[in-house]
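These are the residues of each chain, in order.
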Amino acid sequence: MDADVIIIGGGLAGLVACNELVRAGKRVAIVEQENEANLGGQAFWSLGGLFLVDTPMQRRLGVKDSFELAWQDWQGSAQWDRLSGTHPEDEWARQWGRAYVEFAAGEKRTWLHQQGIRFTPLVGWAERGDGRAGGHGNSVPRFHVPWGTGTGVSGPFADKAREAASAGNVRFFFRHRVDGLTYDGGTVTGVRGSVLAPDASPRGVSSNRDVVAGFELRAQAVVIASGGIGGNHDQVRRWWPERLGTPPAKMVTGVPQHVDGRMLDIADQSGVRLVNRDRMWHYTEGIRNWNPIWPNHAIRILPGPSSLWFDALGRRLPSPGLPGYDTLGTLNLLRTTPDIQQYDHSWFILNQRIIEKEFALSGSEQNPDITNRDLKLLLRSRLGRGAGAPIEAFKEHGADFVVADNLADLVCGMNGLTEEPLLDYAQLRRQIKERDAEVRNPYSKDAQVAGIRNSRRFLGDRLFRTVKPHRILDPKAGPLIAVQLHVVTRKTLGGIQTNLSGQALGHDGSPIPGLYAAGEAAGFGGGGAHGYNALEGTFLGGCIFTGLTVSRSLAAAL
Ligand SMILES: Cc1cc2nc3c(=O)[nH]c(=O)nc-3n(C[C@H](O)[C@H](O)[C@H](O)COP(=O)(O)OP(=O)(O)OC[C@H]3O[C@@H](n4cnc5c(N)ncnc54)[C@H](O)[C@@H]3O)c2cc1C
């Protein structure tokens, strides 16, 4: 035996499982196709937002939350509907969903604190939903941002695994790519694969796939923690569901290339049951990174509620196409409305006042104030004048930004970014003026303006995220800004079906002895704990919860 447990993937899910197994006295091998610089996987690059329920941080901002409300929101978002027949796809997904909300309302915060994760006072109101109390979305703010962003979440787990390696309890096999599972009878006994040529590329940069040798490792159990498919557009297209129309011809990429989905197909071919593969979580607010790290690298804008959103033909999006409300509702709108399906982009129109307070960019490297734990910079960049430096850099260098002092010039610049001019100045002007007429009174029939006022009733938004309603065309709030938005691929919501112990199930629905799965590869638990929609900040937590569950089951079983 090379170890008690082999973990495929050194991302967050793999690291959490590893550390808990070491704590239980087990010897672990982490097999990772990338080099050591990539330890931590996607979590390093993430904003680090964590879904927590009924916390002191929420209470300090006046938020009243509870398990019951969170579970109502989760079910309204998940909309699990594959629950009938033998071994239905949502059988374990729903149970994992509930267990995860219990974790988020219970043990999670204290456990994270014990691991060294500390939170900023910022609690964001992500994914406000589709406008129905029982439908998709967060009724209250729950997106807790930790100091260090993604690095502050992945770092403590990576450090602990390195310490365990120094003590001889963990062996890292970097540049080792798993190509298959090995079985003895019906039991998984190890992995086989290819040793890839050394590659000194920095974290996140694509590495070579030159095979220099083969390898085999044996253990009492194997955990698949290999992530999702978001870095592989062929896979995204292959599983794109009909309900979201057709995938855009051009998409941009929100994850490193190693999020390739390859291991999921290998698992499938080895008798493992994958479910809900048509459920994914891609954003419509992607902008091309002017300073890319991985191929086709894009950043997601986390928009506050005030930017006006237009389709490629310049028509304001109807609800639920409001910034920050309903990710897949908006994607559906853009991909299924007949006369715009052929276009791959949409537009935000806003002004300097809005960008300064309302634009945030997802990613650790885009938030140096929080990533570097710099409180002074945080207060200056979030409360002071001017947009933060990363946002100004995008405004200046980003291929998707147009800045102009008047609407005619703005529209001209926007038309310059498409193959043919699609936007009509008079049509855009009319719609913006109609909207601007709605901010005169403290009430409004415009759903977005009403939403802005609602948002400002939450202290966190009033302080950090939502400008006072004002006219977009007010010259004092200028210059005007337009942003061309693209679909950015990110998360995989389906995956390996697991039972509540994290055991991977076979094609016949029964557990495969010796095989477990965690993180995005397991659809964050059960092959689809989010169902159709996520409440945000639930992915890192999903890696932590599934990694923890698998390791606890294994510690008890071995
Ligand atoms: C920019 C960005 C922002 C994000 N923001 C947030 C946020 O604020 N909140 C939130 O909850 N989530 C966020 N996420 C999502 C979250 O980071 C990921 O869902 C999560 O980190 C996935 O972790 P994982 O361990 O399951 O997989 P990964 O991090 O993808 O790790 C899997 C590892 O397995 C390796 N691997 C794959 N196949 C093989 C193989 N065959 N052999 C060997 N190794 C293999 C890969 O190289 C990789 O290192 C964000 C993600 C990104 C990229």
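Residues numbered from 1 in each chain as written. Predicted model: local features only at pLDDT ≥ 70, side-chain atom pairs only at ≥ 80, totals over all residues. Heavy atoms only, no water.

(A) Geometry of unusual backbone geometry. Omega for the peptide link from G478 to P479 comes to 5 degrees, which places this bond in the cis form. Of note, E127 is a non-glycine position whose phi angle comes to about 45 degrees, a positive value. In this structure, F524 takes a positive phi of about 60 degrees despite not being glycine. Relative to the helices and strands, F524 is located in the loop between β21 (511-517) and α19 (538-557). In this structure F524 comes out as buried when scored by relative accessible area, which is 3%. (Helix = DSSP H or I, 4+ residues; strand = E, 2+ residues; numbered from the N terminus. Buried < 20%, exposed > 50% of the residue type's maximum accessible area, 1.4 Å probe, protein only.)

(B) Local environment of the packing of aromatic side chains. Here the structure, examined in full by the defined rule, presents 17 aromatic pairs. Here the aromatic rings of W281 and Y283 are separated by 6.3 Å at their centres, their planes lie at 75 degrees, and the arrangement is edge-to-face. You can call Y283 buried: its relative accessible area is 1%. Grouped by ring-pair contacts, the aromatic residues F51, W74, W96, Y100, F103 and F545 constitute a single cluster. (Phe/Tyr/Trp six-rings, centres within 6.5 Å; stacked < 30°, edge-to-face > 60°.)

(C) The packing of helix α4 (residues 67-78) against helix α5 (residues 91-105), seen in detail. One way to put it is that α4 packs onto α5 with a least axis distance of 10 Å and a crossing angle of 145 degrees. In this structure, the crossing between α4 and α5 has a hand that is right-handed. Contacts between α4 and α5 involve F67, A70, W71, W74 and Q75 from the first element and R94, G97, R98, Y100, V101, E102 and A105 from the second. For the contact of α4 with α5, a count of residues per class yields 7 nonpolar, 2 polar and 3 charged. (Axes fitted to C-alpha atoms, helices over the stretch in contact; angles between N-to-C directions. Left-handed = near helix turned anticlockwise from the far one by under 90°. Contact = heavy atoms within 4.5 Å. Nonpolar A, V, L, I, M, F, W, Y, C, P; charged D, E, K, R; others polar.)

(D) Spatial organisation of the site of the ligand. Inspection of the region around the ligand gives 40 residues, with E32, Q42, G49, E520 and L540 positioned closest. Within the backbone of A13, one N or O atom sits 3.0 Å away from an oxygen atom of the ligand. Within the contact set of the ligand, an oxygen atom lies 3.3 Å away from a backbone nitrogen or oxygen of A43. In the complex, the protein chains occlude 99% of the 1000 Å² of accessible area that the ligand would expose alone. (Near = heavy atom within 4 Å. Polar contact = N/O pair within 3.5 Å; in protein donor to acceptor, adjacent residues only side chain to side chain. Areas by Shrake-Rupley, 256 points an atom, 1.4 Å probe, with all protein chains shown as cover.)

(E) Spatial organisation of the nonpolar core. Counting 111 residues, the largest nonpolar core has I7 and I224 as the members making the most contacts within it. The residue makeup of this core includes at least three contributed by each of domain 1 (3-226 + 493-557) and domain 2 (282-488). Contacts of I7, omitting those with residues within four sequence positions, involve G14, A17, C18, L21, V28, A29, I30, V31, V223 and A225. By size, the runner-up hydrophobic cluster in this structure holds 41 residues, among which are W347, V411, M414 and L422. (Core = buried A, V, L, I, M, F, W, Y, C linked by side-chain atoms within 4.5 Å. Domains from an automatic or database assignment.)

(F) Fine view of the pairing of strand β15 (residues 345-351). The element β15 is largely enclosed, with a buried count of 7 among its 7 residues. Residues of β15 alternate between two faces, with H345, W347, I349 and N351 on one and S346, F348 and L350 on the opposite face, all of them buried. Of the strand pairs in this sheet, β15 and strand β18 (residues 480-492) are connected by 7 bridges, and their pairing is antiparallel. Bridged to F348 within β18 is V483. (Pairing = 2+ DSSP bridges.)

(G) Expanded view of the domain arrangement of the chain. Segmenting the chain into domains produces domain 1 (3-226 + 493-557) and domain 2 (282-488). A C-alpha centroid distance of 31 Å is found between domain 1 and domain 2. Here domain 1 meets domain 2 over a buried area of about 2500 Å², counting both sides, of which 62% is carbon and sulfur. When the buried surface of domain 1 facing domain 2 is broken down by residue, W45, R128 and W147 rank first, second and third, together holding 27% of it. Here domain 1 is connected to domain 2 by 2 salt bridges. Measuring nitrogen to oxygen at the nearest pair gives 3.9 Å for the salt bridge that ties E536 to R300. (Buried area = accessible area lost by both parts, 1.4 Å probe. Salt bridge = Lys/Arg side-chain N within 4 Å of Asp/Glu carboxyl O.)

(H) Structural context of the packing of helix α1 (residues 12-23) against helix α7 (residues 149-166). It is at 9 Å that the axes of α1 and α7 come closest, and there the two elements cross at 45 degrees. Judged by the angle between their axes, α1 and α7 are oblique. By crossing handedness, the relation of α1 to α7 is classed as left-handed. Contact with α1, carried on its side by L12, L15, V16, C18, N19 and V22, involves V153, S154, F157, A158, K160, A161 and A164 of α7 and no other residues of that element. For the contact of α1 with α7, a count of residues per class yields 10 nonpolar, 2 polar and 1 charged. (Parallel < 35°, antiparallel > 145°, perpendicular 65-115°, else oblique.)

(I) Region of the structure containing the sheet that holds strand β5 (residues 143-146). On the basis of which strands lie adjacent, the open sheet formed by 3 strands has the order β3-β5-β4 and antiparallel pairing. For this open sheet the edge positions go to β3 (50-51) and β4 (119-124), each flanked by a neighbour on one side alone. In this structure, β3 lies alongside β5, joined through 2 bridges in antiparallel fashion. Of the residues in β5, the one forming a bridge with L50 is H144.

(J) Representation of the environment of G537 in the model. Its place among the elements puts G537 in the loop between β21 and α19. Residue G537 is classed as buried on the basis of its relative accessible area of 4%. Here the alpha-carbon distance between G537 and A426, two residues 111 residues apart in the chain, equals 40 Å. With near-sequence residues (within four places) excluded, G537 lies in contact with G49, L50, F51, Y100, K108 and F143.

(K) Summary view of a positive patch on the surface. A contiguous patch of positive charge on the surface is contributed by R353, R429, K433, R440, R471 and K476. For R353, the position within the fold is in helix α11 (residues 352-358). (Patch = residues over 30% accessible without salt bridge, like charges linked within 9 Å, V, L, I, M, F, W, Y side chains within 5 Å. Lys, Arg positive; Asp, Glu negative; His and termini not counted. Charge placed at Lys NZ, Arg CZ, Asp CG, Glu CD.)

(L) Structural view of the environment of K476. Position of K476 among the secondary structure elements: in the loop between α18 (459-464) and β18. Looking at K476, the relative accessible area reads 72%, which means it is exposed. The spacing of K476 and R353 is 123 residues in sequence and 8.7 Å in space, taken between C-alpha atoms.

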